[in-house]
Amino acid sequence: MSTYSLPALPYDFNALEPHIDQKTMEIHYGKHHQTYVNNLNAALEGAVELQEKSLEDLLANLDAVPEQIRTAVRNNGGGHLNHSLFWEVIAPGSNNKAPTGKLDSAINEAFGSFDEFKQQFSTAATTRFGSGWAWLIVDGEGKLQVTSTANQDNPIMEGKQAILGLDVWEHAYYLNYQNRRPDYIASFFNIINWDVVAEKFENLVK
């Protein structure tokens, strides 16, 4: 039986301050993400054939998941996958970095400029009603798009691959930013690890 577990964080809980505070990181990673992992493992406990699948395969083919556990797998598997990406694409000391190389060219092609991409991404994150995520995705044609999803849904459920995601659930920012979601979104651009995002992009469009 394979079980899912929390990925190791590549930095300390306080490493992202002042953009994301230590207490939020401790709760977000250690409580919220851990709960998604625990609930996913519990949902799959009696489904041996599903335990051998990768998380991506599981979520890309939700119709193959028995109806009685499908919602639990969707919500908690999505939560696990989304947060695993989130920890990867942020890093301390990433201030004012911008994408380079193929990713930079693709962003300019898709959005006109990096600033226009930032505007569209920020709008997607700001206007996502309630809980959810904003994404930079690679569609089936290898093109970049900005989108958002509700709750813990992931673009892979629609056949698209996310290379950058921003959690806009209140638990991701409320201790530090309270109701000021736009301030949190603006701060996010200071900690994006564009090297990781670029690597994910290049792996998808080889």
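Residues numbered from 1 in each chain as written. Predicted model: local features only at pLDDT ≥ 70, side-chain atom pairs only at ≥ 80, totals over all residues. Heavy atoms only, no water.

Novice: So what about the pairing of strand β2 (residues 144–150)? Which residues, and what values?
Specialist: When strand β1 (residues 132–138) meets β2, the two strands line up antiparallel, connected through seven bridges. The partner of Trp 133 across the bridge, within β2, is Thr 149. Linking two consecutive strands that pair antiparallel, namely β1 and β2, is a turn of five residues; a positive phi of about 80° is found at Gly 142 within it. (Pairing = 2+ DSSP bridges. Helix = DSSP H or I, 4+ residues; strand = E, 2+ residues; numbered from the N terminus.)

Novice: Hey, could you go over the nonpolar core for me, with residue numbers and the actual values?
Specialist: Core analysis: the largest hydrophobic core is formed by 46 residues, its most contacted members being Phe 117, Leu 144 and Leu 164. Examining the composition of this core, we find that six residues originate from one element, β1, more than from any other. Among the nonpolar cores identified, the runner-up in size contains 16 residues, and Leu 59, Val 65, Ile 69 and Ile 156 belong to it. (Core = buried A, V, L, I, M, F, W, Y, C linked by side-chain atoms within 4.5 Å. Buried < 20%, exposed > 50% of the residue type's maximum accessible area, 1.4 Å probe, protein only.)

Novice: A description of the environment of Val 146 should follow, citing residues and the corresponding values.
Specialist: Tracing the sequence through the fold places Val 146 in strand β2. Between the C-alpha atom of Val 146 and that of Ala 110, which follows or precedes it by 36 residues, the distance is 9.6 Å.

Novice: Give me the lowdown on helix α5 (residues 101–111), citing residues and values where you can.
Specialist: Considered for burial, the residues of α5 that qualify are Leu 103, Ala 106, Ile 107 and Phe 111. Around the axis of α5, the buried residues are gathered within 100° of arc, so they sit on the same side. Residues of α5 that are exposed and point more than 90 degrees away from the buried face comprise Lys 102 and Glu 109. Residues of α5 that are buried sit in contact with α6 (114–127), β1, β2, β3 (161–167) and α9 (194–204). Positive backbone phi, at 100°, marks Gly 112, one or two positions downstream of α5. (Arc of directions from axis to C-beta. Contact = heavy atoms within 4.5 Å.)

Novice: Quick one: what's the story with the pattern of salt bridges, residue by residue and with numbers?
Specialist: In a structure, side chains of opposite charge can pair up when their charged atoms sit close to one another. Summed over all chains, the structure comprises five salt bridges. Between Lys 23 and Glu 26 there is a salt bridge, with the nearest N and O atoms lying 3.6 Å from each other. Of this pair, Lys 23 and Glu 26 both sit in helix α1 (residues 22–43), three residues apart, which is roughly one turn of the helix. Residue Lys 23 is classed as partly exposed on the basis of its relative accessible area of 47%. Judged by relative accessible area, Glu 26 falls into the partly exposed class, the value being 26%. (Salt bridge = Lys/Arg side-chain N within 4 Å of Asp/Glu carboxyl O.)

Novice: Can you explain the packing of aromatic side chains? Please cite residues and give values.
Specialist: Enumeration according to the criterion identifies 17 aromatic pairs in this entry. Relative to Tyr 184, the ring of Tyr 173 lies with its centre 4.8 Å away and its plane at 25°, an arrangement referred to as stacked. One end of the pair, Tyr 173, is in the loop between β3 and α7 (174–177); the other, Tyr 184, is in helix α8 (residues 181–188), and 11 residues separate them in sequence. Under the relative-accessibility criterion, Tyr 173 is labelled buried at 4%. Above the face of the Phe 189 ring, Lys 118 is positioned so that its terminal group lies 5.2 Å from the ring centre. (Phe/Tyr/Trp six-rings, centres within 6.5 Å; stacked < 30°, edge-to-face > 60°. Lys NZ or Arg CZ within 6 Å of the ring centre and 35° of its normal.)

Novice: Lay out the packing of helix α4 (residues 67–89) against α9 with the relevant residues and their values.
Specialist: Running from N to C, α4 and α9 cross one another at 125°; their axes reach a closest spacing of 8 Å. The orientation of α4 with respect to α9, classified from their angle, is oblique. Together, Leu 85, Glu 88 and Val 89 of α4 and Val 196, Val 197 and Lys 200 of α9 make up the contact between the two elements. For the contact of α4 with α9, the residue count by class is four nonpolar, no polar and two charged. (Axes fitted to C-alpha atoms, helices over the stretch in contact; angles between N-to-C directions. Parallel < 35°, antiparallel > 145°, perpendicular 65-115°, else oblique. Nonpolar A, V, L, I, M, F, W, Y, C, P; charged D, E, K, R; others polar.)

Novice: Describe the UniProt feature "domain: Manganese/iron superoxide dismutase N-terminal" (unreviewed entry) in the protein, naming the residues involved and giving the relevant values.
Specialist: UniProt's feature table lists "domain: Manganese/iron superoxide dismutase N-terminal" (unreviewed entry) at residues 3–90, given in the numbering used throughout. Helix makes up 62% of residues 3–90 and strand 0%, and the two end C-alpha atoms of the span are 25 Å apart. (UniProt positions renumbered as here; feature names shortened; annotations may be inferred.)

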